[in-house]
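As a plain string of letters, each chain reads:
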Amino acid sequence: MNGFRKDFLWGGAVAACQIEGAYDADGRGLSTSDIHAYDVNMNRKKVKERGGTLEKIKKAVNDREGYYPKRFGIDFYHTYKEDLKLLKELGFKAFRTSISWSRIFPEGDEEMPNEKGLEFYDRLIDEIIKNGMEPVITMYHYDIPLALVTKYGGFASRKVVDFYVKYAKVLLERYKGRVKYWIACNQINYVPVVKFGSLGIYDDQTSPDKMEELVYQAVHNQFVGCALVKKAAMEIDPDAKIGTMISDEIYYPASCKPVDVVFTLKKNRMQYFFTDVQFRGEYPGYALRYFEENGIDLKMQSGDEEILRAYTMDYLAISYYYTKILDAEKNTMVPFDGLQNPYLESTPWEWRADPLGCYYCISEYWDRYQKPIMIAENGFGALDKVEEDGSIHDGYRISFLRRHIEQIKEAVKDGADVFAYLSWAPIDMVSSSSNEMSKRYGYIYVDQDDFGNGTKKRMKKDSFYWYQKVIRTNGDDLSE
């Protein structure tokens, strides 16, 4: 194949917790995303992990002085029709968003779902389809209902697995025939960085020496939950596709010294662990050895192994932004303990772009699993400037995206079944990690500052017109 397939899904991706706002509208409950306050004094190169102790979490709920950007987003809850029209003008074939779990089950453990929340997503999904786009829906994206954290301890509890599967079944039944592509959970491997947002684990939930065990126990519970969602999808809507999503965290060795190469191999395998379980249906030997040598005792219920084996995922969704390197003498097996590559340029947030790494990533995952691949996130966060005439010249973003799409095309030429490219994010919104509006990814500028002030006016950047051309030519014309 010399280019992208004719039915390739060009589009973009967002998350409910970063874009919707309306955190207290129509019965929605608080989620883990709603207690991330904006810190004007933060160090962009060392953004702190989200979450905190249980006391800190409860304090944030009652805080009336701090500003919590994700509670307000860019008000997509009320502007989605106008925003989707802009994406239609861009030529989008697909639009990825998530459903706010706490809009459907405000506390997470209710007997019946919140009908007002479901009605909002009725309207949103219908509008996506009306505008000619395939809806790609993430079931939860760093926004577990907060009560499931404070009352049960998040996914460390098997009760939360039951609540999650119940929630997923409501979605599958409600949107049968309207949503084909589902992502069970966002970036399942991105722990412990988002152990709070993704797993619902708070800092003092256990002792420091037991935290790694608790995290992997919660991950196991998520694996079981995702497999049960796949089982439910097969029963409720056989046409639905259930994908798993990872953040690419494959490392390069810092040198060709054998010790660096082998150390990198071992650490990379603990990233493949997540997809090995979800595609191969069992725990790999290297992971079992790691758990044994590190005193990690996972509690599996009767039938878990059979469930994982029987209900593997349909496709792989990947978020790709950067790469890092590993030195066996300087780094450890702790996830995300890596070094910056001196051969790559940095951004203000120390994310070092590596287009060739995108080709490497896709190739590794395709060769390993032979499963269809969706690029579910890829983008360039930057400090954009609005000129006096209202124009926004973001050639740096165009260059970043062009070079990555070129490498995706190279992987396709090798035979990789990449069926979608959903860049992050088509419209400016609150940053997941730093809670800023200043860190902008969009083709569409939103006039809003880090404290939510501004006209909220939407403005097209230069990249809007460039990506419009890329989609129109199905990736044949990438010229800047």
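Data block above holds the structure.
Now for a quick tour of the structure.

Reading the values: the criteria
Residues numbered from 1 in each chain as written. Predicted model: local features only at pLDDT ≥ 70, side-chain atom pairs only at ≥ 80, totals over all residues. Heavy atoms only, no water. Core = buried A, V, L, I, M, F, W, Y, C linked by side-chain atoms within 4.5 Å. Buried < 20%, exposed > 50% of the residue type's maximum accessible area, 1.4 Å probe, protein only. Helix = DSSP H or I, 4+ residues; strand = E, 2+ residues; numbered from the N terminus. Contact = heavy atoms within 4.5 Å. Axes fitted to C-alpha atoms, helices over the stretch in contact; angles between N-to-C directions. Parallel < 35°, antiparallel > 145°, perpendicular 65-115°, else oblique. Left-handed = near helix turned anticlockwise from the far one by under 90°. Nonpolar A, V, L, I, M, F, W, Y, C, P; charged D, E, K, R; others polar. Salt bridge = Lys/Arg side-chain N within 4 Å of Asp/Glu carboxyl O. Phe/Tyr/Trp six-rings, centres within 6.5 Å; stacked < 30°, edge-to-face > 60°. Pairing = 2+ DSSP bridges. Right-handed = clockwise from strand over helix to strand, strands pointing away.

Glancing now at the nonpolar core. Residues Tyr164, Trp182, Phe273, Phe291, Tyr365, Met374 and Tyr467 are the most contacted members of the largest nonpolar core, which totals 152 residues. Considering each element in turn, this core owes the most residues, 14 residues, to helix H8 (residues 211-236). Residue contacts for Tyr365: discarding those within four places in its chain leaves Ile246, Asp248, Ile250, Tyr272, Thr275, Leu316, Ile318, Gln370 and Ile373.

The next subject is the packing of helix H12 (residues 355-369) against helix H13 (residues 395-413). Relative orientation of the contacting elements H12 and H13 amounts to 30 degrees, with a least axis distance of 8 Å. When the axis of H12 is compared with that of H13, the two are roughly parallel. Remark: the crossing between H12 and H13 carries right-handed chirality. Residues Pro355, Leu356, Cys358, Tyr359, Ile362 and Ser363 of H12 pack against Arg403, His404, Gln407, Ile408, Glu410 and Ala411 of H13. The residue makeup of the contact of H12 with H13, split by class, is seven nonpolar, three polar and two charged.

A word on the pattern of salt bridges. Under the counting rule described, the total for this entry stands at 30 salt bridges. Here Arg5 makes a salt bridge to Asp7, at a shortest N to O gap of 2.8 Å. The class for Arg5 is partly exposed, based on a relative accessible area of 28%. Salt bridges linked by common partners bring Asp384, Asp394, Arg397, Asp428, Arg440 and Lys461 together as one network.

Quick look at the packing of aromatic side chains now. Summed over all chains, the structure comprises 51 aromatic pairs. For the ring pair Phe92 and Tyr467, a centre distance of 6.0 Å and an interplane angle of 85 degrees mean the geometry is edge-to-face. Note that Phe92 is positioned in the loop between helix H3 (76-90) and strand S2 (94-98) and Tyr467 in helix H14 (residues 462-472), a separation of 375 residues in sequence. The same class applies to Phe92 and to Tyr467, which are both buried.

Counting buried positions over the five residues of strand S1 (residues 9-13) gives five, a clear majority of the element. By the bridge criterion, five bridges tie S1 to strand S10 (residues 418-424) in an arrangement that is parallel. When the bridges of S10 are listed, Trp10 appears paired with Tyr421. The sheet contact formed by S1 and S2 spans three bridges and is parallel. Paired with Ala13 across the two strands is Arg96, which belongs to S2.

Our next topic: the pairing of strand S5 (residues 241-247). Here S5 lies mainly inside the structure; six of its seven residues are buried. The pairing of strand S4 (residues 181-183) with S5 spans three bridges and is parallel. The partner of Trp182 across the bridge, within S5, is Ile242. With H8 bridging S4 and the parallel S5, this β-α-β connection has right-handed handedness. Bridge count for S5 against strand S7 (residues 315-319) is five bridges, and the pairing is parallel. Within the sheet, the bridge partner assigned to Ile246 lies in S7 and is Ile318.

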